[in-house]
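This is what each chain is made of:
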Amino acid sequence: MLFHFDPNDQEESMKLIENLTENAGKIQQQVLKDILNRNSDTEYLHGFLHGLRDVHQFKKSVPVVDYEQIKPYIDRIANGEPSNIISSEPITELLTSSGTSGGKPKIMPTTAKELDRKTFFYNLLIPVMNQYVEGLGEGKAMYLLFVKPEISTPSGLMARPVLTSYYKSDHFRHRPLNKFNIYTSPDDTILCPDSKQSMHCQLLCGLVQRKEVLRVGAIFASAFLRAIKYLEDHWPELCTNISTGQVSKWITDDRCRSAVLKVLNKPDSELASLIEMECSKDSWEGIIKKIWPRTKYIDVIVTGSMAQYIPLLEFYGGGLPLISTMYGSSECYFGINLKPLCSPSEVSYTLLPNMAYFEFLPVDHDYEEAQALSNGSLSSLQNRVVDLVDVQLGHCYELIVTTFTGLYRYRVGDILMVTGFNNAAPQFQFMQRRNVVLSIDTDKTSEEDLLKAVTQAKLLLQPHGHILTEYTSYADTSSLPGHYVLFWEVKAKGGNELVNKEVMEACCMEVEARLDSVYRRCRSRDGSIGPLEIRVVKCGAFDELMDFCVASGSSVNQYKTPRCIKTAPAIEVLERMVVGRFFSREAPFWEPQR
């Protein structure tokens, strides 16, 4: 169920949003009927529905599932079996998720028609922003967009991240000219597979066109800040490129180089001097407004784990609004922010009822129930899920989706809270990912993943007479790139309190080697995560952490050491007792999983 519209027609676009939200319940029922009409004869659904296309039978018979339950079906398609295992439409590629299964990225099915839905979704963002910010069609967007590695499965289908899929599609590369979506980055710089060359060239194009830039951003806050850090480290070289009108020799991607030279056009020593003057100052506070003076806002996702970057964005932005426009995933795109100028802490997304069929599993506010349910029987969840229009204000839910592309009652793993309604459509605040304790970029490390990695690394201590007695962690984003920090309390068997530096560095590297493929890619290929750090604390430090938590309201009888701490006061308790800091000496091994 798609709606074709002209995103340049403000009135028509807003009427469409009104129609979608006013008739959310009716549209959701029609979406489910459409999905069943198309796919009820697939192997997966036929096993539960036996050819029936009844909505009530669907809810009664089709189970709520995790990835492990659908993985065998997707693997069969990846290995060459026909798409009608799960979808009546041909599966045209597989989308790799930032979540992992068995240390490898999850893969999600998608079809050619799903690109139409994504384009529809992106086009709706334009009229929403035009309601709040004037003149967006009078300049360009400096959006720093990047492709990630992709692989070919045994069937010949490509497996790649959802954004890489979109940027490489005809929908993006041959998109109609739209005055509201003109980028400073030529497509060939976005599609450059070398992330460093892509970063350099996109920034160079953004600097040359600085007077035309009306908004800046990236998909995730971490990616945008990585670009600012690149500018901070490499502005002399970028200024040289501008003053000479030539691209650095190490830019060897021919298409990328050619595209940038068309933008550079000629030497510009005046612009190079201006950028040098701003970048050479002691403080970079407000640097974005100084270099791109017409900028109206910063467009990045700052919800969920990206919220940890808000202070840095505010520092560099110098008062520019931080805008989170959309909520989506590899499974499908979900919703948009209809009040984009709100505070980052108040961002809520209105789920668009025509994108997929949405259901919701109630969870407690403290998410302990979500953790328990994730370990329980999936079949026991059937009677607890509610429809999109039946969620209640202030309550928390885990999102479940049935898509047009072959996912049925699939638990996405996102915990959402209902914050309001736009007509009949509920609005949700993203709270957290189920089970995720650490995240810097697109990585999502669970408590179980961390435990397995630490369990292997601590074995390196034993030959030296040391035992790991307690540990916890946090994501340190106070510098760029951010990195994982582990606090270890280490006990000496024979009284030797000194911890050998080489041994601890080896422990750091062993932890990283045991973390999943997405983490290792971010560390090794993307450079979006810095070296893992272990901070050794004095004996008794974790007793003090417990005392602090109990004094802050935790029950002494139910207290257990948190495997991730997120509040500054709790971190400070351990920080005061640090006796040694150790880092990985080298990045862990990574190559695309085939």
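Residues numbered from 1 in each chain as written. Predicted model: local features only at pLDDT ≥ 70, side-chain atom pairs only at ≥ 80, totals over all residues. Heavy atoms only, no water.

- Under the annotation held in an unreviewed UniProt entry, the chain carries the name GH3 family protein and is attributed to Dioscorea alata.

1. Observations regarding the overall build of the chain
Here is step 1 of the chain: Secondary structure assignment for the chain yields 21 helices and 22 strands.
Here is step 2 of the chain: Computed over C-alpha atoms, the radius of gyration of the chain comes to 25 Å, within 12% of the 25 Å expected from 2.2 N^0.38 for 594 residues, which places it in the range of a compact globule.
Here is step 3 of the chain: Taking contacts inside the chain between residues at least 6 apart in sequence as the whole, the part at least 24 apart equals 70%.
Here is step 4 of the chain: Accessible area of the chain: about 24800 Å², with a carbon and sulfur share of 50%. (Helix = DSSP H or I, 4+ residues; strand = E, 2+ residues; numbered from the N terminus. Rg over C-alpha atoms; globule rule 2.2 N^0.38 Å. Contact = heavy atoms within 4.5 Å. Areas by Shrake-Rupley, 256 points an atom, 1.4 Å probe, with all protein chains shown as cover.)

2. A short note on unusual backbone geometry
Here is step 1 of the chain: A cis amide bond, omega -5 degrees, links Leu480 with the succeeding residue Pro481.
Here is step 2 of the chain: Residue position: Pro481 is located in the loop between strand S19 (466-476) and strand S20 (483-492).
Here is step 3 of the chain: Residue His50 is not a glycine yet carries a positive backbone phi of 55 degrees.
Here is step 4 of the chain: Position of His50 relative to the elements: it lies in the loop between helix H3 (43-49) and helix H4 (55-61).

3. Some thoughts on the packing of helix H11 (residues 221-244) against helix H15 (residues 310-317)
Here is step 1 of the chain: It is at 11 Å that the axes of H11 and H15 come closest, and there the two elements cross at 45 degrees. Taken together, the axis directions place H11 and H15 in an arrangement best described as oblique. Once H11 is placed against H15, the crossing between them reads as left-handed. In contact with Ala221, Phe224, Leu225, Ile228 and Glu232 of H11, H15 contributes Leu312, Leu313 and Tyr316. (Axes fitted to C-alpha atoms, helices over the stretch in contact; angles between N-to-C directions. Parallel < 35°, antiparallel > 145°, perpendicular 65-115°, else oblique. Left-handed = near helix turned anticlockwise from the far one by under 90°.)

4. Some remarks on the side chain of Gln202
Here is step 1 of the chain: Tracing the backbone shows Gln202 in helix H10 (residues 195-208).
Here is step 2 of the chain: A relative accessible area of 0% means that Gln202 is categorised as buried.
Here is step 3 of the chain: A polar contact is formed between the side chain of Gln202 and the backbone oxygen of Leu145, at a distance of 2.7 Å.
Here is step 4 of the chain: Leave out the neighbours within four places in its chain, and Gln202 touches Tyr143, Leu144, Leu145, Phe146, Ser185, Thr189 and Ile190. (Buried < 20%, exposed > 50% of the residue type's maximum accessible area, 1.4 Å probe, protein only. Polar contact = N/O pair within 3.5 Å; in protein donor to acceptor, adjacent residues only side chain to side chain.)

5. Focus on the nonpolar core
Here is step 1 of the chain: Counting residues in each nonpolar core, the largest one holds 91 residues, and the members touching the most others are Phe358, Phe360 and Leu399.
Here is step 2 of the chain: Looking at which element gives the most residues to this core, the answer is helix H6 (residues 112-132), with 9 residues.
Here is step 3 of the chain: If we skip the residues at most four places from it in the chain, Phe358 touches Gln28, Phe334, Leu351, Leu352, Pro353, Asp387, Leu388, Leu399, Ile400 and Val401. (Core = buried A, V, L, I, M, F, W, Y, C linked by side-chain atoms within 4.5 Å.)

6. Quick word on helix H19 (residues 517-526)
Here is step 1 of the chain: Across the 10 residues of H19, 8 count as buried, placing the element largely inside the fold.
Here is step 2 of the chain: Of the residues making up H19, those classed as buried are Ser517, Val518, Tyr519, Arg520, Arg521, Cys522, Arg523 and Asp526.
Here is step 3 of the chain: Sitting at the amino-terminal end of H19 is Asp516, which places a side-chain oxygen 3.0 Å from the backbone nitrogen of Val518.

7. Brief notes about the packing of aromatic side chains
Here is step 1 of the chain: Applying the stated criterion to the full structure yields 21 aromatic pairs.
Here is step 2 of the chain: Where Tyr44 meets Phe48, the ring centres are 5.2 Å apart and the plane angle is 65 degrees; that geometry is what we call edge-to-face. Within this pair, Tyr44 and its partner Phe48 are both found in helix H3, separated by 4 residues, close to a single helical turn.
Here is step 3 of the chain: Judged by its relative accessible area of 27%, Phe48 falls in the partly exposed class.
Here is step 4 of the chain: With 4.8 Å between their ring centres and 50 degrees between their planes, Tyr327 and Phe334 make a pair best called tilted. We note that Tyr327, like Phe334, is buried. (Phe/Tyr/Trp six-rings, centres within 6.5 Å; stacked < 30°, edge-to-face > 60°.)

8. Some points on the pattern of salt bridges
Here is step 1 of the chain: Within the structure shown, the criterion is met by 37 salt bridges.
Here is step 2 of the chain: Across the pair Arg226 and Asp441 runs a salt bridge whose closest N-O atoms are separated by 3.9 Å. Here Arg226, found in helix H11, pairs with Asp441, found in the loop between strand S17 (436-438) and strand S18 (445-446); they are 215 residues apart in sequence, far enough to count as distant. This pair shows no difference in class: Arg226 is buried, exactly as Asp441 is.
Here is step 3 of the chain: Connected via shared salt-bridge partners are Asp476, Glu533, Arg535, Glu575 and Arg581. (Salt bridge = Lys/Arg side-chain N within 4 Å of Asp/Glu carboxyl O.)

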